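A structural walkthrough
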Amino acid sequence: ETGVTQTPRHLVMGMTNKKSLKCEQHLGHNAMYWYKQSAKKPLELMFVYNFKEQTENNSVPSRFSPECPNSSHLFLHLHTLQPEDSALYLCASSLRGDWGERTLHFGNGTRLTVT
Amino acid sequence: AQSVTQLGSHVSVSEGALVLLRCNYSSSVPPYLFWYVQYPNQGLQLLLKYTSAATLVKGINGFEAEFKKSETSFHLTKPSAHMSDAAEYFCAVSDSRAGSYQLTFGKGTKLSVIP
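Numbers given to residues run from 1 along each chain, matching the order in which its sequence is written. Written order determines the labels here, with chains lettered from A and ligands numbered from 1. Thresholds applied to this predicted model are a pLDDT of at least 70 for local features of residues and 80 or more for the giving and counting of side-chain atom pairs; totals over whole chains, interfaces and linings are not thresholded and use all residues. Only hydrogens and water are set aside when side-chain values are computed; all heavy atoms of the structure are taken into account.

1. Digging into the state of the cysteines
- Cysteine sulfurs are considered disulfide-paired once they come within 2.5 Å of each other. One pass over the full model with this rule turns up 2 disulfides over all chains.
- With its sulfur 1.9 Å from that of its partner, Cys23 of chain B forms a disulfide with Cys91 of chain B. The sign of the -65 degrees torsion about the S-S bond sets the Cys23 of chain B-Cys91 of chain B disulfide as left-handed. Placement of Cys23 of chain B in strand E3 (residues 19-26) and of Cys91 of chain B in strand E9 (residues 87-94) is noted, with a sequence separation of 68 residues between them. Side by side, Cys23 of chain B and Cys91 of chain B carry an identical accessibility label, which is buried.
- Considering cysteine sulfurs only, Cys91 of chain A is the nearest to Cys68 of chain A, which forms no disulfide, with 9.0 Å between them.
- Residue classification places Cys68 of chain A among the buried residues on the basis of a relative accessible area of 11%. Counting from the N terminus, the helices are the DSSP runs of H or I reaching at least four residues and the strands are the DSSP runs of E reaching at least two. Exposure categories follow from relative accessible area, calculated using a 1.4 Å probe and restricted to protein chains: below 20% of the type maximum is buried, above 50% is exposed, and the middle band is partly exposed.

Structure (structure tokens):
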């Protein structure tokens, strides 16, 4: 398998559920990202991990909890979500360095619906 | 802070016609600029990237973009639209802070191609 793979592709969960999104990259990258894509809004960066260490957390509510056990895997643990959290969650990976050397490679996303 | 404005949330062109998608940015320093494309039910894919090497940047699928510093613009063009170009297009600008992993995206322009 190549590229960035996200599972599941679709997820429906109740507000009291706990679930996890998984992302795996096979590109040899060392930075991984979670983005939220909502209708009619720009992509929102949620978290960034660089060599398994979190480097950015853009004021994301604590009901979203990221985990990066190694440079190839990234998880987003979800609990007690709200209906407004329904969105497409995109994982991306890249090399380190400045943006001249860095390009984001995205997975196909997980479509999350909170009921 | 950086910002990106994409004029027109929806653009329709006839097959074979010129494609022009507009992007204006604001940045306190010379930025890196990107165009990404998103096909239905997929993640984002890089079309092209400006890194100051050349003001006219050629990308995949026949697309190109021209960096105009005086106009703070980075418009995306393609001489002849194909049906397969129907997708959503996102312009993005890099964060000016050293070491930042933030990429600011526009709200996107959905391109429809009429046969």
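2. What about the sheet that holds strand E1 (residues 4-7) of chain A?
Residue and element names in this part refer to chain A.
- Any two strands are treated as partners once DSSP identifies two or more bridges connecting them. One open sheet accounts for 4 strands, arranged E1-E3-E8-E7; its pairing is antiparallel. This sheet does not close on itself; its edge strands, each paired only once, are E1 and strand E7 (64-70). Adjacent strand axes in the sheet meet at a mean angle of 20 degrees, parallel and antiparallel pairs treated alike.
- Looking at chain direction, E1 and strand E3 (residues 18-25) are connected through 4 bridges and run antiparallel. Looking at E3, one finds that Val4 is bridged to Gln25. An axis is simply a line fitted to the C-alpha atoms; with a helix, the fit covers only the stretch in contact. Between two such axes, the angle follows the N-to-C directions and lies from 0 to 180 degrees.

3. With respect to the environment of Tyr89 of chain A
Residue and element names in this part refer to chain A.
- Examined against the element boundaries, Tyr89 turns out to sit in strand E9 (residues 87-94).
- Residues Tyr89 and Val114, spaced 25 residues apart in sequence, show a C-alpha to C-alpha distance of 13 Å.
- Whether two residues are in contact is decided by their heavy atoms: any pair within 4.5 Å suffices. When neighbours within four sequence positions are excluded, Tyr89 is seen to be in contact with Gln6, Leu21, Trp34, Tyr35, Lys36, Met46, Phe64, Leu76, Gly109, Thr110 and Leu112.

4. A closer look at the interface of chain B and chain A
- On the side of chain A, 28 residues touch chain B, which itself brings 22 residues to the contact.
- For any pair of parts, buried area is found by adding up, for both, the accessible area (1.4 Å probe) each one loses once the two are put together. With both sides pooled, the region where chain B packs onto chain A buries about 1900 Å², and carbon together with sulfur makes up 53% of that total.
- Counting the surface chain B buries against chain A, the share from its top three residues, Leu44, Tyr101 and Phe105 of chain B, is 36%.
- What counts as a salt bridge is simple: a side-chain nitrogen of Lys or Arg found within 4 Å of a carboxyl oxygen of Asp or Glu. Where chain B meets chain A, there are 0 salt bridges.
- Any N or O atom pair separated by 3.5 Å or less is treated as a polar contact, with the protein-specific requirement of one donor-capable and one acceptor-capable atom, and with residues adjacent in sequence counted only for side-chain atom pairs. Along the contact surface separating chain B from chain A lie 11 residue pairs in polar contact (both at pLDDT 80 or more).
- Within the residue set of the side of chain B that touches chain A, elements represented by two or more residues are strand E4 (33-38), strand E5 (44-50), E9 and strand E10 (103-105) of chain B.
- In the side of chain B that touches chain A, the residues fall into 9 nonpolar, 9 polar and 4 charged. Lys, Arg, Asp and Glu make up the charged group, whereas Ala, Val, Leu, Ile, Met, Phe, Trp, Tyr, Cys and Pro make up the nonpolar group; the residues left over, Gly among them, are polar.

5. Overview of the side chain of Gln102 of chain B
- Note that Gln102 of chain B resides in the loop between E9 and E10.
- Assessed through its relative accessible area of 15%, Gln102 of chain B is described here as buried.
- Once residues lying within four places of it in the same chain are set aside, the contact partners of Gln102 of chain B are Leu45, Glu56, Asn58 and Trp99 of chain A together with Ser94, Asp95 and Arg97 of chain B.

6. Re the nonpolar core
- Ranked by internal contacts, the top residues of the largest apolar core, which has 27 residues, are Trp35, Phe74, Leu76 and Tyr89 of chain B.
- Mapped onto this core, the elements with two or more residues apiece are strand E2 (10-14), E3, E4, E5, strand E7 (64-68), strand E8 (73-78), E9 and strand E11 (109-114) of chain B. The term nonpolar core refers to a set of buried residues drawn from Ala, Val, Leu, Ile, Met, Phe, Trp, Tyr and Cys, joined through side-chain atoms within 4.5 Å.

7. Looking at the packing of aromatic side chains
Residues and elements named next belong to chain B.
- The rule is short: rings of Phe, Tyr and Trp, with Trp giving its six-membered ring, pair when the centres are within 6.5 Å, and they are stacked under 30 degrees, edge-to-face over 60, tilted in between. Applying the stated criterion across every chain, the model contains 14 aromatic pairs over all chains.
- With a centroid separation of 5.5 Å and 45 degrees between ring planes, the pair formed by Phe63 and Tyr89 is classed as tilted. Placement of Phe63 in the loop between strand E6 (56-58) and E7 and of Tyr89 in strand E9 is noted, with a sequence separation of 26 residues between them. Accessibility classification places Phe63 together with Tyr89 in one group, the buried group.

In short, geometric facts, not functional conclusions.
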